[in-house]
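# Results of the structural survey
Each chain is listed here by its residues.
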Amino acid sequence: MRVMKLMLKNAFRHMLRTTLTILGISVAVVAFSFLRTVVTAWYAGVEASSPNRLITRNAVSFIFPLPLAYRDQIARLEGVETVTYMNWFQGVYIDKNQFFARMAVDAQTALDVYPEFLVPPDQRDAFLKERNACVVGADLAQQYNFKIGDVIPIEGDIYPGKWEFVVRAIYQPRDKTVDGTQMWFHWQYLDERMRQEMPGRAGEVGWYVIRIKNPADAGRISEQVDALFKNSRAETKTETEAAFQQGFIQGTGLIIQLLNFLSFVIIGIIMLVLGNTMIMSARERTKEYAVLKTLGFSGSHLTALIAGESLMISIMGAALGLFLSYPIVELFSLMVPKSWFPIFYIEPATIVLGATSALVVGIVAALFPIQRALRTSIVEGLRFVG
Amino acid sequence: MGSLIEVRNVSKSYWRDSFEIPVLNNISLSVAEGEFLGLMGPSGSGKTTLLNLIAGIDRPDKGSIVVGGTDITDLSESQLAKWRSNHVGFIFQFYNLIPVLTAFENVELPLLLTSLSKKERRRHVETALSVVGLADRMHHYPKQLSGGQEQRVAIARAIAADPTILVADEPTGDLDKKSAEEILTLLERLNTEFKKTIVMVTHDPRAAERAHVVRHLDKGELQ
Ligand SMILES: Nc1ncnc2c1ncn2[C@@H]1O[C@H](COP(=O)(O)OP(=O)(O)OP(=O)(O)O)[C@@H](O)[C@H]1O
Ligand SMILES: [Mg+2]
């Protein structure tokens, strides 16, 4: 493309204007990728969910328990590999602001059902052996500086009393999509104390997690599980882990939709910023375009010249913005406790979306100036006075 | 010598809103090959309009314009653009150089549309700039040049692709006396030495003196 040199020189004719436009685009792109990352973080649970897992909970509400007795009945169904169960323990560690997931689990089966929690074999054994042992995620360990052998004291609320757990294992999340901020301890330890202190609550299970052999059987098995307990004291509702997670974030859906929407408003703003710059530039050059046409340059030359300039600015802005997004998202995730957004990283999809939007914006912003340059006759263009 | 440019019964009006401004009225004119024609006339008489028609950057409402055997009123927009790049060198009153390009790059512009290699283009540009006496200003930007020098760069740009005709619209209109003399001398040289056919619009009687033939345009009619 022989008009390349002119295109480059045109782009930086107004150094300040072009620089501000590029910065404007990059700030918007940072905001875009940041918002997308927050949205992604929210949906992380859904995306990380395994198609091999079903969740069975009380049909009335997630907060009502199920009897432990259901376990064996579920386990007998065709296609079920492992059944595990857990309770939401909650409690207060230090103060109410220290939030992370604390759960009572059936240790042996839970680790089988969640293979994405990687525990070294010796730590796994140590955890399984000790009644009041717990396993914590590597990110959580880092946040609170937990080490093997540390005691974590927790003031119970759902399950009142003073509780102490000994860290015997630290799990590594298998990849970035896995939550590394959970704390698990033995369900049996919880149940033992309930049996002594509040016998009415013994044998209560928060929900079951069923690992199935074949994801294709999810629908059939879910129906069979729920059929088993139809008309019983505690009816169940079984769904895939993804559907379950989706239900969880439904309550916050509006905010997320708003963020989602905002991230696309930002794209619109970029378009206006660049569109404005391109319209101003192209207008100032009306006479030059007429001169180029006089010399014999064609409409496609002018199109390449204007679109190229617009694309160059948008690509530079987007590249700078995406490049800056990494340290900014990183900084944010360092400043905010890991357990608030356990999964917080820039997804490749965000980068692709950002880059594609920049290309689209670059082209769209050039459309009006191109149309104007092509439509203006040479004679009109030569007579043009700013 | 045969005639290179044949303007036959050309009329042209401009429209402002729904109201017609007749500019040229049934004009016929022929320019011989190698001629240096001066077009004079009061402001608003249609000189620029006629020149634009001959240069193929505007179209007549009626009549035909034949240049070197080609009826340019028959050409499509893109054929016309190609024709201009091969056959016309345009010199404007206000030079109309591209400010972000150096003298060299401005002169190179019309050559970008040819199939010349980079090296050949360089030779053409250098030749054109030395013809106008600015070989030493090759890498200057327009704003680093005087008006007379800018106009010389513009002339170099007009001749770089070796066009059939040169059209100049008041090429000395914006220049002081001395620079104007230089430009006129240069045009004269292009006419005699390089055999360029030139059509020049001017207000300036001294400029008209340099032309072989002077035609007067008044109220859209040639005298
Ligand atoms: N694009 C246009 N739209 C409308 N009217 C125009 C246009 N171009 C020229 N005119 C009108 O046509 C008439 C002739 O214009 P033209 O520019 O050809 O005159 P001119 O002889 O070159 O004048 P000057 O010596 O002032 O340059 C003028 O009345 C002008 O206002
Ligand atoms: Mg004029």
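What counts and what doesn't
- Residues numbered from 1 in each chain as written.
- Chains lettered and ligands numbered in written order.
- Predicted model: local features only at pLDDT ≥ 70, side-chain atom pairs only at ≥ 80, totals over all residues.
- Heavy atoms only, no water.
- Helix = DSSP H or I, 4+ residues; strand = E, 2+ residues; numbered from the N terminus.
- Buried < 20%, exposed > 50% of the residue type's maximum accessible area, 1.4 Å probe, protein only.
- Contact = heavy atoms within 4.5 Å.
- Areas by Shrake-Rupley, 256 points an atom, 1.4 Å probe, with all protein chains shown as cover.
- Buried area = accessible area lost by both parts, 1.4 Å probe.
- Salt bridge = Lys/Arg side-chain N within 4 Å of Asp/Glu carboxyl O.
- Near = heavy atom within 4 Å.
- Polar contact = N/O pair within 3.5 Å; in protein donor to acceptor, adjacent residues only side chain to side chain.
- Nonpolar A, V, L, I, M, F, W, Y, C, P; charged D, E, K, R; others polar.
- Phe/Tyr/Trp six-rings, centres within 6.5 Å; stacked < 30°, edge-to-face > 60°.
- Lys NZ or Arg CZ within 6 Å of the ring centre and 35° of its normal.
- Pairing = 2+ DSSP bridges.
- Axes fitted to C-alpha atoms, helices over the stretch in contact; angles between N-to-C directions.
- Core = buried A, V, L, I, M, F, W, Y, C linked by side-chain atoms within 4.5 Å.

Let's shift gears to the overall build of chain A. The helix and strand inventory of chain A stands at 14 helices and 12 strands. Overall, chain A is about 95 × 45 × 35 Å in size when its C-alpha atoms are taken along their principal axes. Here chain A holds 386 residues, and the buried ones make up 51% of them. Pairs at least 24 apart in sequence give 80% of the contacts found in chain A among residues at least 6 apart. In the structure as shown, chain A presents an accessible area of about 18100 Å², 63% of it carried by carbon and sulfur atoms.

In this section: the interface of chain A and chain B. The partner chain B presents 27 residues to the 20 residues of chain A that form the contact. Where chain A abuts chain B, roughly 2000 Å² becomes buried across the two surfaces, and 66% of that area is made up of carbon and sulfur atoms. It is Arg2, Lys9 and Leu295 of chain A that lose the most area in chain A upon contact with chain B, and together they represent 31% of the buried surface on that side. If you look at where chain A meets chain B, you find 2 salt bridges. A salt bridge links glutamate 105 of chain B to lysine 5 of chain A, with the shortest nitrogen-to-oxygen separation between them at 3.3 Å.

Under the criterion given, the structure shown has 31 salt bridges over all chains. Across the pair glutamate 284 of chain A and arginine 17 of chain A runs a salt bridge, and its minimum N-O distance is 2.6 Å. Taken together, the residues glutamate 284 of chain A in helix α10 (residues 253-284) and arginine 17 of chain A in helix α2 (residues 15-48) connect sequence positions 267 residues apart. Looking at arginine 17 of chain A, the relative accessible area reads 17%, which means it is buried. Residue glutamate 126 of chain B pairs with arginine 122 of chain B through a salt bridge whose shortest N-O separation is 3.1 Å. Of the two residues, glutamate 126 of chain B and arginine 122 of chain B both sit in helix α4 (residues 118-131), 4 residues apart, roughly one turn of that helix. In this structure arginine 122 of chain B comes out as partly exposed when scored by relative accessible area, which is 38%. Each member of the salt-bridge network shares a partner with another, and the members are Glu181, Glu188, Arg206 and Arg210 of chain B.

Not every one of the 14 residues close to ligand 1 is listed here, only the nearest: Arg383 of chain A together with Ser43, Lys47, Thr48 and Thr49 of chain B. Each of chains A and B places residues near ligand 1. For ligand 1, an oxygen atom lies 2.8 Å from a polar atom in the side chain of lysine 47 of chain B. Within the side chain of threonine 48 of chain B, an N or O atom sits 2.6 Å from an oxygen atom of ligand 1. Out of a free accessible area of 640 Å², ligand 1 has 76% covered by protein chains. Of all the elements in the fold, those that place two or more residues in the shell around ligand 1 are β1 (3-16) and α1 (47-54) of chain B. Here the residues of the shell around ligand 1 are counted per class, giving 3 nonpolar, 7 polar and 4 charged.

Our focus in this paragraph is the side chain of glutamate 150 of chain B. Relative to the helices and strands, glutamate 150 of chain B is located in helix α5 (residues 147-160). Contacts of glutamate 150 of chain B, omitting those with residues within four sequence positions, involve Tyr95, Leu97, Pro142 and Leu145 of chain B.

Okay, the packing of aromatic side chains next. Here a ring pair, both rings aromatic, is described through the centre-centre distance and the interplanar angle of the planes. All names here are of chain A. Counted under the stated rule, the structure contains 27 aromatic pairs over all chains. A centroid spacing of 3.6 Å and a plane angle of 10 degrees characterise the contact between tyrosine 70 and phenylalanine 229, whose relative ring orientation is stacked. Here tyrosine 70, found in helix α3 (residues 70-75), pairs with phenylalanine 229, found in the loop between α8 (218-228) and β12 (236-240); they are 159 residues apart in sequence, far enough to count as distant. Geometrically, the ring pair formed by phenylalanine 332 and phenylalanine 344 is tilted, given 5.1 Å between the ring centres and 40 degrees between the ring planes. Of this pair, phenylalanine 332 sits in helix α12 (residues 299-335) while phenylalanine 344 is found in the loop between α12 and α13 (348-375), placing the two residues 12 residues apart along the sequence. Each member of the aromatic cluster is reached from another via a ring pair, and the members are Phe89, Tyr159, Trp163, Phe165, Phe185 and Tyr189. Against the face of tryptophan 163 rests arginine 193, its NZ or CZ located 3.9 Å from the ring centre.

As a further point, take the sheet that holds strand β6 (residues 88-91) of chain B. Residues and elements named next belong to chain B. In spatial order, the strands read β6-β7-β8-β3-β9-β10; together these 6 strands make up an open sheet with mixed pairing. The two strands at the open ends of the sheet, each matched to only one other strand, are β6 and β10 (221-222). Of the strand pairs in this sheet, strand β3 (residues 36-40) and strand β8 (residues 197-201) are connected by 4 bridges, and their pairing is parallel. Opposite glycine 38, over in β8, you have methionine 200 as the bridge partner. Packed on one face of the sheet, α5 meets β6 and β7 (165-169) and runs near 170 degrees to β6. The sheet strands contacting helix α6 (residues 177-192) are β3, β6, β7 and β8, and the helix crosses β8 at an angle near 150 degrees.

Residues Ile270, Tyr289, Leu292 and Leu305 of chain A together with Leu109 of chain B are the most contacted members of the largest nonpolar core, which totals 49 residues. Secondary-structure elements contributing two or more residues to this core are α1 (4-11), α2, α10, α11 (286-294), α12 and α13 of chain A. Isoleucine 270 of chain A has contacts with Ile25, Ala28, Val29 and Val361 of chain A, leaving out every residue within four places of it along the chain. Counting 41 residues, the second-largest nonpolar core is a separate cluster that includes Leu77, Ala138, Ile152 and Trp187 of chain A.

On to the sheet that holds strand β2 (residues 19-32) of chain B. All names here are of chain B. If you walk across this open sheet you meet the 4 strands as β2-β1-β4-β5, and the pairing is antiparallel. The open sheet is flanked by β2 and β5 (70-71), the only strands paired with a single partner. Bridge count for β1 against strand β4 (residues 62-67) is 5 bridges, and the pairing is antiparallel. In the strand pairing of β4, valine 7 is matched with isoleucine 65.

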